[in-house]
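Each chain is listed here by its residues.
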Amino acid sequence: STNSNNYFFDSVLFGSTMLDILHAEAKYTSRVGRVRDDYSFEKHTWVREKLDMSKAVFGTAEYIKDGLLPLTDYLGPSPWSDEMLGMMDDLWAYANVKWPYGVIPSSDIEVHGDLLQALARLYWFTGNPKYIEYATRVGDYYMLGGHHLTHNNTWLQLRDHGCEVLAGLVELYVALQYTDPTKHEAYRKPIHDMLDRILEVGRNEHGMLYNVIDPKTGKTPGGKKRKFASQLSDTWGYTYNAYYTVYLLDNTTAYRDAVRFVLSNLPHYPRYNWEPPNDAQDGHADSIEGAITLYNREPVAAAKAWADEDIHVLWSKQRNGGLIEGIHADGNFARTTIMYCLWKSLVLHVPTLCLFALCLCLACA
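Residues numbered from 1 in each chain as written. Predicted model: local features only at pLDDT ≥ 70, side-chain atom pairs only at ≥ 80, totals over all residues. Heavy atoms only, no water.

Caption draft 1: Quick look at the packing of helix H3 (residues 53-75) against helix H5 (residues 109-126). Axis separation between H3 and H5 bottoms out at 9 Å; the angle between their running directions is 40°. Relative to H5, the crossing made by H3 is left-handed. Contacts between H3 and H5 involve Val57, Phe58, Ala61, Glu62, Ile64, Lys65, Leu69, Thr72 and Asp73 from the former and Glu110, Val111, Asp114, Leu115, Gln117, Ala118, Arg121, Leu122 and Phe125 from the latter. Residue classes in the contact of H3 with H5 are distributed as 10 nonpolar, two polar and six charged. (Axes fitted to C-alpha atoms, helices over the stretch in contact; angles between N-to-C directions. Helix = DSSP H or I, 4+ residues; strand = E, 2+ residues; numbered from the N terminus. Left-handed = near helix turned anticlockwise from the far one by under 90°. Contact = heavy atoms within 4.5 Å. Nonpolar A, V, L, I, M, F, W, Y, C, P; charged D, E, K, R; others polar.)

So this is what it looks like as structure tokens:
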């Protein structure tokens, strides 16, 4: 059952139709244990007849990080969190990528970010140290193994499909303070070096982050992707959330200052096209989410005004039938809208009976 103290969902719906959907999804898409793969309703079989484990792992990690983790943050222990734990356990049970610090499920940097974020939070959720052990197999590679994101790379992506690992390393850094203080100290300088270098060469005059930087030279990478690299990242807020987390832990005031600076400069980006050339809706969704997350910690007035304006740009993307683009990114639209509405509700809940009594009292007054 879901958390009975959560008033912001329909408990009857979650206990029936939504639960049926979860069970059906698990039945049809579980391919290797509870590791998911793409299923075709048209063909009534797998989209890829031959198993591509790397793609199955990628999809499962994304489902956990972007789908089931936020739901668990909201619902608490539930059938959805049970499924999430099972999926994560099987990602590692069937891991087959040999790595310097032990076998892991994938060599993909985005998957590493998904796993680091999820594993750190699953440790807090369950208290099970195995999740930290799994996470350090990945984290040690970047922090201690000569593959530092800014010391050793010439291409560092600061937008989605690359930036996830940065936030994941910070979440592991936080958890290690409590589980392994010695390793936490070993991570301290590499974490700060990474964050400091990005502030030095990865942002524009308003504090907005570029899509990609070459952290060794401090320049925009050249070649065919130069134009993409020089554009601004719509996931700037996710990255700055990592800065604020380290500020809270280590009291590095420069990181808090950087967050407040970028929030104060949001009015420079009214109706900004984060996803050129088509101005895709998920660019607005990601950017608004980042602003809301940071505003929760640092209520800079300019950020509130910007989010209140840009949410209408996002909503204008919805078609009459309810769909937005008819692809997976529609989930971004839904999640951002929910976040915005919860922010504006200030978590206010008035049970129906109390609301009726209030109206009756007002009518009689």
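Caption draft 2: Spotlight on H5. Over its 18 residues, H5 runs 25 Å from end to end, which matches the ideal 26 Å to within 8%, given 1.5 Å per residue. Summarising burial for H5: 13 of the 18 residues are buried, a large majority. A distance of 2.9 Å separates the backbone nitrogen of glutamate 110 from a side-chain oxygen at the start of H5, and that oxygen is part of aspartate 108. Two residues or fewer past H5, glycine 127 is found with a positive phi of approximately 75°. (Expected span 1.5 Å × (residues − 1). Buried < 20%, exposed > 50% of the residue type's maximum accessible area, 1.4 Å probe, protein only. Polar contact = N/O pair within 3.5 Å; in protein donor to acceptor, adjacent residues only side chain to side chain.)

Caption draft 3: Inspection of the confidence of the model for the chain at higher detail. Chain-level pLDDT for the chain is 92 on average; 92% of the residues reach the 70-or-more range. Long-range and interchain partners of residues 352-360, a stretch whose pLDDT sits below 50, account for one contact in this model, where long-range means more than four residues apart. (pLDDT = per-residue confidence, 0-100.)

Caption draft 4: Examining the packing of aromatic side chains more closely. Taken as a whole, this structure holds 19 aromatic pairs when the rule is applied. A centroid spacing of 6.4 Å and a plane angle of 75° characterise the contact between tyrosine 131 and tyrosine 134, whose relative ring orientation is edge-to-face. You can see tyrosine 131 and its partner tyrosine 134 sitting in helix H6 (residues 130-143), three residues apart, about one turn around the helix. Tyrosine 131 sits in the buried class, given a relative accessible area of 3%. On the basis of an interplanar angle of 65° and a centroid distance of 4.6 Å, the ring pair of tyrosine 272 and tryptophan 274 is categorised as edge-to-face. When its relative accessible area of 26% is taken as the criterion, tyrosine 272 is described as partly exposed. For tryptophan 274, a relative accessible area of 2% corresponds to the buried category. Taken together through their ring pairs, the aromatic side chains of Tyr28, Tyr39, Phe41 and Trp46 make up a single cluster. (Phe/Tyr/Trp six-rings, centres within 6.5 Å; stacked < 30°, edge-to-face > 60°.)

Caption draft 5: Structural detail: the side chain of aspartate 308. Its place among the elements puts aspartate 308 in helix H13 (residues 301-315). Side chain to side chain, aspartate 308 and lysine 344 meet in a polar contact 2.9 Å long. Apart from residues no more than four positions distant in its own chain, aspartate 308 is found in contact with Tyr340, Trp343 and Lys344.

Caption draft 6: The arrangement of helix H11 (residues 253-264) in detail. The terminal C-alpha atoms of H11 lie 16 Å apart, and with 12 residues this matches the ideal 16 Å at 1.5 Å per residue to within 8%. For H11, the elements touching its buried residues are helix H8 (181-201), helix H10 (236-250), helix H12 (281-295) and H13.

Caption draft 7: Spatial organisation of the pattern of salt bridges. Applying the stated criterion across every chain yields a total of 25 salt bridges. Between glutamate 185 and arginine 188 there is a salt bridge, with the nearest N and O atoms lying 2.6 Å from each other. With a gap of three residues between them, glutamate 185 and arginine 188 both fall in helix H8, about one helical turn apart. In the salt-bridge network here, residues are joined through shared partners; they are Arg31, Asp37, Asp38 and Arg48. (Salt bridge = Lys/Arg side-chain N within 4 Å of Asp/Glu carboxyl O.)

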